[in-house]
Structure formats: C-alpha cells, structure tokens
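# Structural overview for review
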Protein chains: 2
Amino acid sequence: MIKGFPKPMARLIEAFKKMPGIGAHSAQKLTFYILQASRKETDSLIRSIGEVKQNVRFCRTCNNLSDEDICSICSDTARDPKLVCVVEDPNGVIAMEKSGVYNGVYHVLLGELSPIDGVGPDELKITDLVKRVGTDGVEEVILATDFTTEGETTALYLLEVLKPFDIKVSRLARGVPVGASLEFADSATLQRALEERKEA
Amino acid sequence: MIKGFPKPMARLIEAFKKMPGIGAHSAQKLTFYILQASRKETDSLIRSIGEVKQNVRFCRTCNNLSDEDICSICSDTARDPKLVCVVEDPNGVIAMEKSGVYNGVYHVLLGELSPIDGVGPDELKITDLVKRVGTDGVEEVILATDFTTEGETTALYLLEVLKPFDIKVSRLARGVPVGASLEFADSATLQRALEERKEA
C-alpha cells in the first residue's frame, strides 16, 4: 500500500499495476486520470470492460475472437470460404486484415507448437482444422504462422497433417521486408530472398 | 474502429487509448489482458475504478486527496499541526511522505501560479491557507512548491501573503541532489549550492 494515497486510490493503483507494461509510475498516472476524468468517460470504460468479459468469445468455426457464435469474417458471404489462412492467434488475423488484400477466411490455432513449453498438437486447434478441411470444401490452406522456430515447426507439422487431403497448401513468402534497406536485412533473410528469387 | 476486432474489444481499445501514455499498441495489450484475466481480477478493477470516482474527494482542511472529509494525515493526532508544508498537488504530499522524515501536516494548493496559463492566486487554495495560519496556531510554514519558474513565483507570492503573520516561513533547501555527481549538476544548481553552503 502506498503511503499518502487514500485507500481507494491505492487499491486502483495496485489493480493497474497488474496490467502488462504498467509500472508503479504509469499506474499512478492512470489513477489520477480516472480521478479527473468525467463520470461519462469512466462509466464508458467500466461498461466496455464488462462487455468484453461478457460478450467476447471464440468463433465456433475459426476460433477468432468474436461477439457472436460465428465471427463477422466467417459469416461474411462476400469472403471465399474455400481459402483458409492459418494463423497462430487473433493478432495474426488483425495483421492480415490490415494488409487489406486477403479475402478468404481464417483458422486460429490459439498457440504454436513449442515442446519446451509443453505445447503439443493437442493443445492447438489442429483437429478442428483437419475437420474443416475434410468437410467444408476447402481448396487452399495458407500457412501464416510466425517465421520463428516455433512458428516454422508448427507450419511443418501442419503440412504433414494436411498431406492426405487433395488441397493446395502454401506458406507466406519469406524475403526482404518492403521498404527495408538491404544493409539492415539479416543474412538468413537474404539467403531466403536469394533462394526464392523471382524472375523480374 | 479497428478491423478484425469484435466490437466490444474495439470499444475497450478506444477507451484505453484515451488514458495518458497509452497508445494503440498498449491499448490492444491491455484489452487482451482484460480478455484473459480472471473474472475476479476484472471485477476488482471495475470496483476500484467505481470507488475512486465515488469516494475520493479533497480533504476539507488541507485539500489533499482523501476518502474521508478529513484526510488521514490531518486527523493523525501523532502529527504536529503547528508545522504546515505547502505543496502544489497531491503528488507533492506523496513525495514528502516517501522521504519518511516529515511529521507535520500539509496544505495542498492544487496548482501553481502561472499568469501565462491564466492561473492567478484566486485559482489556488491560498485564501484557505491564510485562514489556517490565522486561526489554527500554526508556527511554521514550509514552502515546498517546485523549483521551477512557476513554483518559485508561487513561493515568493506566498512569502508576501504570509508576512503579516508572526510565524516562521521557510523554503526547502536547494543544492546538489544526494547521490548526484558534480559533473552532471547544472550551473544554476551549483551556484545555489555554493551560495547556500554550510560549515562542515
């Protein structure tokens, strides 16, 4: 308990300090903000927190976050359900959607294979993916897991699991990021970019 | 609205983004925290916010933040009510309390004189201070406003206002911070430290 603060403020500071990236100083600043904010603003914050806890769940089809049983992407008839992009978590969906060029649907694994952390295939939504591929008329699965050791392992595993199906399985291209200077690209990336070079 | 997030999450992200020091990325991280936190934790956060808005007010005596009409420092009979430390805001009280060596009471001005920002003596709790000094048997007032232009102006103004009273008025010492290397002390501070040097 911090000396000098009234108890309700000290309690709120402690609550804020539990949040990621919020230290003692930020927690104090946030608490002063709450104190000085209009009642309307704090009521809206409280309501928003409650609604996230109450209404946000995982989409029954793709495991993305949703406020309905089926998420807005899966239920969008303008999108192509035969093209499924596999991402590790909801942040992957956000990143892909920001690119603005993808018009298929998603499958969120809710994790990545990491034997060291005890995350095996059963911990991920892989059975669901196999079921979707087997019954939903999927024509292509794009593996968009991270390009880290765990992400690559997950992609390799999925490739193996999806082999029995008569579908196309692709992986996002590796290479030098757009806008990046060659000087700052790491050698592994340059190696890949060279191997996977395209005719201009 | 951020594409790809369910509406309740997008609304919570917007609410977090209004808070000081919270950008788009932090707001997303905090929202994911809320989503994954236990119901107990989020309920406690919601309750703490509500209690701060409901119960925290200014102490009737010293204007410090308090959850009672009279704050815990003013009502502490172990403290010396004849010694009053004048600070600009509740953060000043916290800083002094952290030092652990002050046993008097406080007077919080809730601001500092700043003609440029339209803050004159009437905007601060100066009349209250004069009233306290005149009636409460105060023996010493310690001016602990900031050592900035505005803080110094405020201290000078208070010195003038308190002149008619038969009390001691002091100002916190200026000098080289404890633990600081001379090399990094600015010239104005060194000048003061030299002028106000004490016999060793």
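Residues numbered from 1 in each chain as written. Chains lettered and ligands numbered in written order. Predicted model: local features only at pLDDT ≥ 70, side-chain atom pairs only at ≥ 80, totals over all residues. Heavy atoms only, no water.

Residues and elements named next belong to chain A. Where helix H5 (residues 126-135) meets helix H6 (residues 149-162), the axes come as close as 11 Å, and the angle between the chain directions of the two elements is 40 degrees. Taken together, the axes of H5 and H6 lie oblique to each other. Classified by chirality, the crossing of H6 by H5 is right-handed. Residue-level contacts link Ile126, Leu129, Val130 and Val133 of H5 to Tyr157, Leu158, Val161 and Leu162 of H6. (Axes fitted to C-alpha atoms, helices over the stretch in contact; angles between N-to-C directions. Helix = DSSP H or I, 4+ residues; strand = E, 2+ residues; numbered from the N terminus. Parallel < 35°, antiparallel > 145°, perpendicular 65-115°, else oblique. Left-handed = near helix turned anticlockwise from the far one by under 90°. Contact = heavy atoms within 4.5 Å.)

This paragraph deals with the interface of chain B and chain A. Between chain B and chain A, the residue contacts involve 49 residues of the former and 47 residues of the latter. When the two sides are added together, the surface that chain B and chain A hide from each other amounts to roughly 4,600 Å², 72% of it contributed by carbon and sulfur. At the junction of chain B and chain A, the tally comes to two salt bridges. In this structure, Glu51 of chain A and Arg11 of chain B form a salt bridge, with 3.0 Å as the shortest nitrogen-oxygen distance. Between chain B and chain A we count 10 residue pairs in polar contact (both at pLDDT 80 or more) in total. When residues of the side of chain B that touches chain A are traced back to their parent elements, those giving at least two are helix H1 (7-17), helix H2 (24-36), helix H3 (39-55), strand S2 (65-66) and helix H4 (90-99) of chain B. Top contributing element to the side of chain B that touches chain A by residue count: H3 of chain B, with 13 residues. (Buried area = accessible area lost by both parts, 1.4 Å probe. Salt bridge = Lys/Arg side-chain N within 4 Å of Asp/Glu carboxyl O. Polar contact = N/O pair within 3.5 Å; in protein donor to acceptor, adjacent residues only side chain to side chain.)

Residue and element names in this part refer to chain A. The strand order across the open sheet built from four strands is S4-S3-S5-S6, with neighbouring strands paired in parallel fashion. The sheet is open, and its two edges are formed by strand S4 (104-108) and strand S6 (168-171), each paired on a single side. Strand-to-strand, the axes of this sheet are offset by a mean angle of 25 degrees, without reference to chain direction. Inspection of the sheet shows strand S5 (residues 140-143) paired to S6 by four bridges, in the parallel sense. (Pairing = 2+ DSSP bridges.)

Its domain assignment divides chain A into domain 1 (7-55) and domain 2 (78-171). Once you take the C-alpha centre of each, domain 1 of chain A and domain 2 of chain A turn out to be 36 Å apart. (Domains from an automatic or database assignment.)

Moving on: the relation of the copies chain B and chain A. Two chain copies here: they are related by a rotation about an axis and a translation along the same axis. Under the fitted operation, chain B is carried onto chain A by 0.0 Å of movement along the axis and a turn of 180 degrees, and the coordinates agree to an RMSD of 0.1 Å. Such a combination of turn and shift is consistent with a two-fold rotation axis. Looking at the rotation axis and the C-alpha trace of chain B, the residue lying nearest is Ile46 of chain B, at 2.9 Å. Both copies share a contact surface, since 96% of the interface residues of chain B are interface residues in chain A too. (Least-squares fit on C-alpha atoms with pLDDT ≥ 70 in both.)

Residues Phe16 and Ile34 of chain A together with Phe16 and Ile34 of chain B are the most contacted members of the largest nonpolar core, which totals 44 residues. Contributing elements (two or more residues each) for this core: helix H1 (7-17), helix H2 (24-36) and helix H3 (39-55) of chain A together with H1, H2 and H3 of chain B. Sequence-distant contacts of Phe16 of chain B, that is, excluding residues within four places in its chain, are made with Met19 and Leu45 of chain A together with Ile22, Ala27, Leu30, Thr31 and Ile34 of chain B. (Core = buried A, V, L, I, M, F, W, Y, C linked by side-chain atoms within 4.5 Å. Buried < 20%, exposed > 50% of the residue type's maximum accessible area, 1.4 Å probe, protein only.)

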